[in-house]
Amino acid sequence: MNDVEDGTAHYSIAFPRRWWYPACPSRRLGHRPVCVTLMNTPLALFRDAAGAARAVIDRCPHRNVPLSRGRVTDDGCIECAYHGWRFDGTGRCNGVPGLSEGSGASSSTRDLPSHHTREQDGFVWIWGEQGSVPDREPLAIPTPEGSGANSGEVVFEYDLACTLHAALENALDVPHTAYLHRGIFRGGEAREITAERRDLQDAIEVEYRGEPVGLGRIRGRQNSGLVFEHWDRFFMPSTAQVEYRVPGWFHIINTILHLPLSEFSTRAWFKVRYSSRVPAALLRPIVWARGLQILRQDARMLAMQTDTIRRFGGERYTSTELDVIGNAVWRMLRQAERAEAVTPEGSRARAEETPDPGAAQRVRFRI
Ligand code: FES
Ligand SMILES: [Fe+2]
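Report follows, based on the coordinates. (Residues numbered from 1 in each chain as written. Chains lettered and ligands numbered in written order. Predicted model: local features only at pLDDT ≥ 70, side-chain atom pairs only at ≥ 80, totals over all residues. Heavy atoms only, no water.)

The residue H258 is located in strand β19 (residues 250-262) in this model. If we skip the residues at most four places from it in the chain, H258 touches Y21, P22, L164, A167, L168, S238, A240, T266, R267 and A268. (Helix = DSSP H or I, 4+ residues; strand = E, 2+ residues; numbered from the N terminus. Contact = heavy atoms within 4.5 Å.)

In structure tokens:
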């Protein structure tokens with residue numbers, strides 16, 4: 001019997017809309033429109049005459065042709081490829097070729113829904129709710145201390161075949177790094193470390209203490225006293241952040257921006273910023289190679305997870321206190337979605353009866 005037949009079907013899918021989502025790197029949005037799907041809705045992104053990013057629904061109200069297949073006019077409007085209707089950055093239709101003045105020409109029925117946008121840290125951000133005015137700014141991406149030849153940045157982009165929640169949990173899950181990524185990232189002799197979770201406003205932070213400095217199977221001597229400072233963070237609605245620091249030696253912040261394309265498809269940008277005593281030119285190929293290896297292993301595992309969930313018609317989880325953050329992330333996403341819903345019953349999420357072992361706040365484990 002699968003989860004649908006026994007009535008327990010559940011998916012950790014929540015789409016809170018009154019938040020900022022990353023749409024694409026700024027450099028990808030040039031003179032041509034770009035289509036980006038946000039929570040099942042295709043949007044056409046383009047730059048207006050001032051160069052500002054704009055986002056409108058990617059469907060011409062006339063005959064349903066995608067506006068992203070059209071062009072941007074010299075005065076910064078998006079023009080449909082079929083009959084040439086034109087729309088400004090707010091979605092207002094300001095031109096219908098061939099339609100004479102006065103013949104009922106101006107009509108708001110031809111206008112398009114639009115989304116507010118921002119451009120920050122090399123990314124175009126979209127406010128998730130059509131037409132509404134943002135009440136906050138996108139999350140700022142931090143930079144490690146140090147600069148110049150000893151600091152650098154690598155950005156990976158990857159489409160993951162999984163829910164937003166699964167992608168976030170994976171990015172912030174420490175135990176799998178010692179198993180799935182053993183030899184690349186962790187996997188030396190196990191040591192006991194402590195994780196302490198702090199629930200913050202629209203965010204969660206977990207601080208890990210006591211992990212000896214090392215890479216892959218190579219670990220510092222037990223008594224060298226050199227340990228990583230390590231924080232994992234979740235920021236509503238779709239950012240994960242992993243920070244490691246060895247004061248005076250090394251500092252890396254991996255900020256992972258997620259764009260929920262649809263229920264089981266999530267685009268992720270891994271923006272890895274680092275500084276160290278080693279020149280960035282030497283470190284960069286290592287970050288690239290190891291990053292890609294790790295990413296492929298994660299993507300493969302997440303795709304298998306999704307495939308199984310779909311074959312069984314639902315998810316089931318059994319957590320221990322090592323699952324420090326995943327349940328809390330889900331709860332925040334679901335609560336945010338429900339807070340926005342007109343009727344709480346309208347939410348797709350089913351109440352989660354199981355307790356959250358990760359809520360213990362302070363956990364010791366061997367890694
Ligand atoms: S379909 Fe877009 S102008 Fe006709
Ligand atoms: Fe991983």
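Surrounding the iron ion (ligand 2) are the protein donor atoms H176 (NE2), H181 (NE2), D298 (OD) and D298 (OD), at 2.1 to 2.3 Å. Coordination geometry of the iron ion (ligand 2): the four donor atoms subtend angles of 59 to 145° at the metal centre, consistent with an arrangement described as irregular. Mapped onto the polypeptide sequence, the residues donating to the iron ion (ligand 2) form the spacing pattern H-x4-H-x116-D. On the criterion of sequence distance, the pair formed by H181 in the loop between α1 (164-171) and β13 (192-200) and D298 in helix α2 (residues 280-312) is long-range, its members being 117 residues apart. Residue classification places H181 among the buried positions, given a relative accessible area of 1%. Its relative accessible area of 9% is what places D298 among the buried residues. (Donors = N, O, S within 2.8 Å, 3.2 Å for Na, K, Ca; no water. Tetrahedral: all angles 85-135°; square planar, octahedral: opposite > 155°, others 65-115°. Buried < 20%, exposed > 50% of the residue type's maximum accessible area, 1.4 Å probe, protein only.)

With that settled, the discussion passes to the sheet that holds strand β17 (residues 229-235). Ordered in space as β12-β20-β19-β18-β17-β14-β13-β21, the eight strands form an open sheet in which the pairing is antiparallel. For this open sheet the edge positions go to β12 (151-160) and β21 (362-366), each flanked by a neighbour on one side alone. On average, each strand axis in the sheet is tilted by 15° relative to the strand beside it, whichever way the strands run. Bridging between strand β18 (residues 239-246) and β19 involves eight bridges; their strand directions are antiparallel. (Pairing = 2+ DSSP bridges. Axes fitted to C-alpha atoms, helices over the stretch in contact; angles between N-to-C directions.)

Another aspect to go through is the packing of aromatic side chains. For the structure on display, the rule yields five aromatic pairs. Relative to W269, the ring of F123 has its centre 5.2 Å away and its plane inclined at 75°; by these criteria the two rings are edge-to-face. Note that F123 is positioned in strand β11 (residues 123-127) and W269 in strand β20 (residues 265-276), a separation of 146 residues in sequence. Between F156 and W288 the ring centres are 4.7 Å apart and the planes differ by 80°, which places this aromatic pair in the edge-to-face class. With F156 in strand β12 and W288 in helix α2, this residue pair connects regions lying 132 residues apart in the sequence. Judged by relative accessible area, F156 falls into the buried class, the value being 5%. Since its relative accessible area comes to 32%, W288 is described here as partly exposed. (Phe/Tyr/Trp six-rings, centres within 6.5 Å; stacked < 30°, edge-to-face > 60°.)

Of all seven residues that make up strand β14 (residues 203-209), six are buried, and the element is covered over most of its length. Bridge count between β13 and β14: seven bridges; the pairing is antiparallel. Directly across from A195, in β14, lies its bridge partner Y208. Linking β13 back to β14 in an antiparallel pair, the connection comprises two residues, with D202 at a positive phi of about 55°. Here β14 runs beside β17; their pairing, made up of six bridges, is antiparallel. Bridge pairing in β17 places E207 opposite W231.

Before going further, it helps to spend a moment on the pairing of β18. Across the eight residues that make up β18, a large majority, seven, are buried. The sheet contact formed by β17 and β18 spans seven bridges and is antiparallel. If you follow R233 over to β18, its bridge partner there is Q241. Taken together, β17 and the strand that follows it, β18, pair antiparallel across an intervening segment of three residues. Adjacent in sequence and paired antiparallel, β18 and β19 are bridged by three residues, among which G248 carries a positive phi angle near 85°.

A few words on the packing of α1 against α2. Geometry of a packed helix pair, given as the angle between the helix axes and the separation of the axes. α2 packs onto α1 with a crossing angle of 140° between their chain directions and a minimal axis gap of 11 Å. Here α1 is positioned oblique relative to α2, judged by the angle of their axes. In terms of crossing hand, the pair formed by α1 and α2 is right-handed. Seen from α1, the contacting residues are A166, A167 and N170; seen from α2, they are D298, L302 and Q305. (Parallel < 35°, antiparallel > 145°, perpendicular 65-115°, else oblique. Left-handed = near helix turned anticlockwise from the far one by under 90°.)

Any functional reading would require information beyond the geometric quantities listed.
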